[in-house]
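Structural features, examined
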Amino acid sequence: MQPLRAAAATAVCFAFPSLAAQLAAPYDHYLIDTGDADGALLHGNLTGDATDELVVFQDSDAEGSERRMAVYRFQGGAWRTIQSAALGDDVIFVDMLHGTETDRLLVFRRDHVQWLNADGWILEPLLSAPSIYNVPPLDVPHVEIARDVNGDERDDILLPDFDGYWVWLQGATPDAAWVGPAKLRAEPTAIAGLRSATYRPRAVYPLDYDGDGHTDLAFWEDERFVVYRAGDDGFDTEPLFVELPVEFGSDDFAVSFGIGGNRDANKDRVMLYAVDDYNGDGIGDLVTNTLMIDGLLDHSTRYDFYFGKRVDGGTAFARAPDTTIESDGIQGPFEHADYDNDGRKDLGMATFDIGIGKIIAALLTGSVRFDVDFYVMQGNAYPTEPNVTKTIKVSFSLRTGSVLSARWMTTGDVTGDGFADLLVPADGRRIEVYPGTGDADLFAEEPSIIAVDFPDTTQAGGVDVADLNGDGRDDILIRFPATDEDATNRVGVVLSR
């Protein structure tokens, strides 16, 4: 194999030792100048170093600029470029495969997956199979095909095809033989246009359907689940067909707006939202989302939770929901986690309450506020009102509608006590940390502070929280886009020490 075409590069990286006021675990912050790199940002332990490397991608454009990638390593108290290379124009997407000792950057070209060997930075062949992904885009997207499907803490690979998924299970080490592939058949959904069709792979729902301790894989098709049972050596290729007592029209969680002309028409839109163990009893639960529409500005949202029960060696759901979350406006997923460590999943939901006043305020100010509501499951039920509500403001361009400054909010354990903390930027100079309390209050009333020196404009969706150095405390990655004042893209790293 020929190595990737490398070019010598030096990262422009500034380190700022910061005082984490009132925060027991100190953090330093770093600002990495990534130049024109404006694409995906991945992290993984590619070399066996103590801290994950960062991989930043530069997209192409309509003028045919070169797509590139750069790898940054934390050494000597700074983030330094250790590899910079061009990507071929046939790369379709990238992903990160996590293993037990090191990770692997995956590069997908038509019909085959390669991995980046850090010993010489050479792309090596990994797996081959036809796929639903066949056309390279201008950008370098991150498509998640690597995920742990059998619970052994090693990522496996699920590659969607036009008639289902190819599934490979990772061996004890990345160099060990992979188990598979097995073909799990599940027809993709398709939207036909005038001259083309768009295909979307069926969503994968992992659950232990038969209670044998193995994670089975399910797909929703035509009002039923198609379930492939897992064993010690892989998956059955003949599925079980499980009828569902709940009717819904889609599992594509995309909110659309419309005004029905027929006043008697059914305006409730029911979607399959998730299958997961929400009440902590080891059995998968079914969650639906219902968007209730009564005019352009009159919306409400309901999430219904159907707890799974063991029946005749399988999983069954009752016709009536066991608990419900309902809100005025459009309520979308923020994140779910076990905030209080009681074994049950708690929820954070972003709520957009659309009204004439909100629209006028947005047009006048170029910004919109929305609430993030947190619900804590107690006694196998979510409360009718949220336990905690926080507000976020997002600024946008009145001319183009694009987001100019996204005030982000997320959770992560930066205190290292095992409870999720709420992270909110006050401005480019500090991040407020509301420590987790481990009870129904979720977060402390008064924040601690992580001092930073970052730009004020954050890329929408450009925040990631992960433990980069394996010390049990989460670190923070933030994307800062090029602006009129600063023509380069940058990545902010808040790293524990």
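Note that this is a predicted model, so its numbers are computed, not measured. (Residues numbered from 1 in each chain as written. Predicted model: local features only at pLDDT ≥ 70, side-chain atom pairs only at ≥ 80, totals over all residues. Heavy atoms only, no water.)

Regarding the overall build of the protein
- What the protein contains, in helices and strands, is one helix and 40 strands.
- When each of the 497 residues of the protein is scored for burial, the buried share is 50%.
- Roughly 22900 Å² of accessible area belongs to the protein as shown, and the carbon and sulfur atoms make up 48% of that amount. (Helix = DSSP H or I, 4+ residues; strand = E, 2+ residues; numbered from the N terminus. Buried < 20%, exposed > 50% of the residue type's maximum accessible area, 1.4 Å probe, protein only. Areas by Shrake-Rupley, 256 points an atom, 1.4 Å probe, with all protein chains shown as cover.)

Observations concerning the pattern of salt bridges
- In the structure shown here, the tally under the stated rule is 16 salt bridges.
- Taking the shortest distance from any N to any O, the salt bridge between aspartate 161 and lysine 183 comes out at 3.5 Å. With aspartate 161 in strand S12 (residues 156-161) and lysine 183 in strand S14 (residues 179-185), this residue pair connects regions lying 22 residues apart in the sequence. By the burial criterion, aspartate 161 is buried, and lysine 183 matches it.
- The residue aspartate 236 makes a salt bridge to arginine 229 at a minimum N-O spacing of 3.9 Å. (Salt bridge = Lys/Arg side-chain N within 4 Å of Asp/Glu carboxyl O.)

Some remarks on the side chain of aspartate 251
- Mapped onto the secondary structure, aspartate 251 falls in the loop between strand S22 (240-243) and strand S23 (268-276).
- Here arginine 200 takes part through its side chain, which lies 2.8 Å from a polar atom of the side chain of aspartate 251.
- Leaving out residues up to four positions away in the same chain, aspartate 251 has contacts with Arg200, Ala203, Tyr205, Trp220 and Leu272. (Polar contact = N/O pair within 3.5 Å; in protein donor to acceptor, adjacent residues only side chain to side chain. Contact = heavy atoms within 4.5 Å.)

Points about the sheet that holds strand S19 (residues 224-228)
- Across the sheet, four strands lie side by side as S17-S18-S19-S22; this open sheet has antiparallel pairing. One side of each edge strand has no neighbouring strand; the edge strands of this open sheet are strand S17 (205-207) and S22. If you compare each strand with its neighbour and ignore which way they point, the axes differ by 35° on average.
- With three bridges joining them, S17 and strand S18 (residues 216-221) adopt antiparallel strand pairing. Paired with tyrosine 205 across the bridge in S18 is alanine 218. (Pairing = 2+ DSSP bridges. Axes fitted to C-alpha atoms, helices over the stretch in contact; angles between N-to-C directions.)

Concerning the environment of alanine 218
- Summarising the element assignment, alanine 218 is placed in strand S18.
- Looking at alanine 218, the relative accessible area reads 0%, which means it is buried.
- Note: C-alpha distance between alanine 218 and phenylalanine 241 (23 residues apart in sequence) is 9.5 Å.

Section: unusual backbone geometry
- Cis peptide bonds are those with omega within 30 degrees of zero, and the linkage from glycine 180 to proline 181 qualifies with 15°.
- Of note, glutamate 153 is a non-glycine position whose phi angle comes to about 65°, a positive value.
- Mapped onto the secondary structure, glutamate 153 falls in the loop between strand S11 (146-147) and S12.
- Exposure remark for glutamate 153: the relative accessible area of 67% places this residue in the exposed category.
- One non-glycine residue, asparagine 380, lies in positive phi territory at about 65°.
- For asparagine 380, the position within the fold is in the loop between strand S31 (367-375) and strand S32 (388-396).

So, the side chain of threonine 51
- Inspection of the secondary structure assignment puts threonine 51 in the loop between strand S3 (41-44) and strand S4 (53-58).
- Residue classification places threonine 51 among the buried positions, given a relative accessible area of 8%.

With respect to the packing of aromatic side chains
- Per the counting criterion, the structure on display carries 15 aromatic pairs.
- Summarising the aromatic geometry, the rings of tyrosine 165 and phenylalanine 219 are spaced 5.5 Å apart at their centres and angled 25° between planes, so their arrangement reads as stacked. You can see tyrosine 165 sitting in strand S13 (residues 164-169) and its partner phenylalanine 219 sitting in strand S18, a full 54 residues away along the chain. For the pair tyrosine 165 and phenylalanine 219, a shared accessibility class is recorded, and that class is buried.
- Ring centres 5.5 Å apart and planes at 70° place the aromatic pair tyrosine 278 and phenylalanine 305 in the edge-to-face group. You can see tyrosine 278 sitting in the loop between S23 and strand S24 (285-293) and its partner phenylalanine 305 sitting in strand S25 (residues 299-306), a full 27 residues away along the chain.
- The ring of tryptophan 115 carries arginine 104 above its face, with NZ or CZ at 3.5 Å from the centroid.
- Above the ring of tyrosine 434, the side-chain terminus of lysine 390 is found at 4.2 Å from the ring centroid. (Phe/Tyr/Trp six-rings, centres within 6.5 Å; stacked < 30°, edge-to-face > 60°. Lys NZ or Arg CZ within 6 Å of the ring centre and 35° of its normal.)

A few points about the pairing of strand S36 (residues 430-434)
- In terms of burial, S36 is a largely internal element, four of the five residues being buried.
- Sheet topology places strand S35 (residues 421-427) next to S36; five bridges connect them, and they run antiparallel. Bridging from a neighbouring strand, leucine 423 pairs with valine 433 of S36.
- A loop of two residues connects S35 with S36, the two strands running antiparallel in sequence.
- Sheet analysis places S36 next to strand S37 (residues 448-451), joined by four bridges and oriented antiparallel. If you follow isoleucine 431 over to S37, its bridge partner there is isoleucine 450.

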